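Summary of the model geometry
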Amino acid sequence: MSERREPVGVIGVGWVGLVTAAGFAELGHPVIARDILPDKVAALSRGELQMHEPGLAEMVRRNAERITFTTEMAELLEGARLLFVCVDTPPTYSGDADLSRVRAVIDELPADGDQVLIMKSTVPAGTGESIRRDLPRLSYVSCPEFLKEGTAVADFMNPDRVVIGANPGDEEAAAAVAGLYAPLGAETLQTDVASAEMIKLASNAFLATKISFINEIANVCEEVGADVGEVARGMGLDERIGASFLRAGIGYGGSCFPKDVSALKMLAGNTGYHFQLLTSVIEVNELQKRRVVGKLQAHLGSLIDKRVALLGLAFKPDTDDMREASSLVLAARLQGEGAEVVAYDPVANARAAELLDSVELAESALEALEGADAAVLVTEWGEFAELDWAAAAARMARPLVVDGRNFLDPGKLRAAGFAYEGIGKKQEIGAPS
Ligand code: UDX
């Protein structure tokens, strides 16, 4: 008979919370997952997810008898001692992390319990120390999450590393958390709380820096006739640099990079330190989202009344997440130039409809391209590479593609009659037609 595993509590069932809940259930733990939204809890209890994440719905359903979804904090506190806090920490208008949801959770916890609070939400360094001061009887462990949307299930099961931050007095709690992750066999780093908090922020800020760096290199490549794909390949062969996160494009988005880069910059600023580099990383990313507009103008001249089709809206493929997606800025800029914008995303149309003003949403890529003066590839969904581009050219008013992710095969596109522009490649443009 298998041994009974320690129950796990999860507070906040968003992307991170649901993956954590399903992941520990998969490892054999009974899980109680609590969210304040009754509709979400009811849907999850029926095995229905409100987001697109490959493999996650199957994992939730497979472990349905081990996971209880509830709105009741009391039920959670009764059933589990190890509590993962997974509520979101969105940016405030000032760019600092909004900790109100974390504080709301803390306010609901008994001051004299023996629970172990395991912080997965990304919080500014120093937050754990202050929570620990407010709740001296509880144990506190920082355990930042590094999962990527689109591959979240695989990332839970096979993490690059597990970081466990605890301060003196909480060694037992840290060992309990290490025990939960032990079956995954991942490299585990045990450190103090503030360092664990900084590891998360610094990792995301560094990855965002890599992207802004390669995007600036791409912009220079266009000026000097180099190809950023070749440049990135050559750079990536240096082990010290590494090949990943050197894909030039129209900027990073999502629920983590924009908010965490800004939160780290603000955290530094609040201590009186000006984090110069991150200021530029953010600015480069903002400008990068708009570069497509200039490329279209170089081909089409004025964009007034031009019909521009956006292929892809989500901040990256394999997700329907629209948070900080480059498509939002790009659509607004194109409309600002007088263009008519039509768009298609394989899974994010519904979410996008709530955010995009006056953008026509099509049911397929070919429908979006009907009568368009240009197509812009915004999100590198596999189906766009497989598209019948000859049929697309026949439907469009002008066969022009701006590939914002350097995803399509330029040779194939040109053979189908297209003018093709990528990012960080030699420009094709002559005079605007
Ligand atoms: C990121 C981190 O990778 C993850 O560790 C953390 O837990 C949360 O934030 P995620 O937001 O899911 O994960 O997406 P990721 O795959 O990292 O991509 C972020 C953005 O960067 C996307 O918009 C993507 O298109 C862009 N990107 C990524 C590039 O523009 N170029 C690259 O080379 C890589």
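What counts and what doesn't
- Residues numbered from 1 in each chain as written.
- Predicted model: local features only at pLDDT ≥ 70, side-chain atom pairs only at ≥ 80, totals over all residues.
- Heavy atoms only, no water.
- Helix = DSSP H or I, 4+ residues; strand = E, 2+ residues; numbered from the N terminus.
- Buried < 20%, exposed > 50% of the residue type's maximum accessible area, 1.4 Å probe, protein only.
- Lys, Arg positive; Asp, Glu negative; His and termini not counted.
- Salt bridge = Lys/Arg side-chain N within 4 Å of Asp/Glu carboxyl O.
- Polar contact = N/O pair within 3.5 Å; in protein donor to acceptor, adjacent residues only side chain to side chain.
- Contact = heavy atoms within 4.5 Å.
- Near = heavy atom within 4 Å.
- Areas by Shrake-Rupley, 256 points an atom, 1.4 Å probe, with all protein chains shown as cover.
- 1 Å grid on protein atoms, 1.4 Å probe; cavity = no way out; pocket = protein on both sides within 12 Å on 5 of 7 lines; lining within 4 Å.
- Points joined across faces, edges and corners; volume = space filled by probe spheres on them.
- Nonpolar A, V, L, I, M, F, W, Y, C, P; charged D, E, K, R; others polar.
- Expected span 1.5 Å × (residues − 1).
- Phe/Tyr/Trp six-rings, centres within 6.5 Å; stacked < 30°, edge-to-face > 60°.
- Lys NZ or Arg CZ within 6 Å of the ring centre and 35° of its normal.

Bringing the side chain of K200 into the picture now. One can find K200 in helix 9 (residues 193-224). At 4.5 Å, D260 is the nearest oppositely charged side chain to K200, a buried residue that forms no salt bridge. Within polar-contact distance, the side chain of K200 engages the backbone oxygen of E145 at 2.5 Å. Beyond its immediate chain neighbours, meaning those up to four positions away, K200 contacts T122, P144, E145, F146 and D260.

With the exception of glycine, the majority of residues adopt a negative phi angle, and the majority of peptide bonds are in the trans configuration. You will see that E324, though not glycine, has its phi angle at about 55 degrees, which is positive. Checked against the element boundaries, E324 lands in the loop between strand 9 (307-311) and helix 14 (326-336). On the basis of relative accessible area, E324 is assigned to the partly exposed category, the value being 39%. Positioned with a positive phi, N406 is a non-glycine residue whose angle comes to about 45 degrees. In this structure, N406 sits in the loop between strand 13 (400-403) and helix 19 (410-415).

Moving on, we get to the site of the ligand. Contacts to the ligand come from 18 residues, most closely from F146, L147, E149, R247 and K316. A distance of 2.7 Å separates an oxygen atom of the ligand from a polar backbone atom of F146. The contact in question runs from an oxygen atom of the ligand to an N or O atom on the backbone of L147, over 2.8 Å. Expressed as a share of its isolated accessible area of 660 Å², the protein-covered part of the ligand is 94%. Broken down by element, the residue count for the shell around the ligand peaks at three residues, all from helix 9.

Time to look at the layout of surface pockets. Roughly 260 Å³ of volume is contained in the second largest pocket. Residue lining of the second largest pocket: 16 residues in total, with V228, G229, R233, R247 and N406 positioned closest to the centre. Taken together, the residues that form the lining of the second largest pocket break down as eight nonpolar, two polar and six charged.

The subject of this paragraph is helix 9. Over its 32 residues, helix 9 extends 47 Å from the first C-alpha to the last, a length consistent with the 46 Å expected when each residue adds 1.5 Å. You can read the cap of helix 9 off the contacts: a side-chain oxygen lies 3.3 Å from the backbone nitrogen of A194, and it is on D192. G225 lies just past helix 9 and shows a positive phi near 75 degrees.

Once that is clear, we can look at the packing of aromatic side chains. For the structure shown, the criterion picks out 10 aromatic pairs. Ring geometry for F24 against F156: centres 5.2 Å apart, planes inclined by 90 degrees, an arrangement best described as edge-to-face. Of the two residues, F24 is situated in helix 1 (residues 15-26) and F156 in helix 7 (residues 152-157); the sequence distance between them amounts to 132 residues. Judged on exposure class, the residue F24 and its partner F156 are both buried. Its guanidinium or amino end placed over the ring of F146, R161 lies 3.6 Å from that ring's centre, counting from NZ or CZ.

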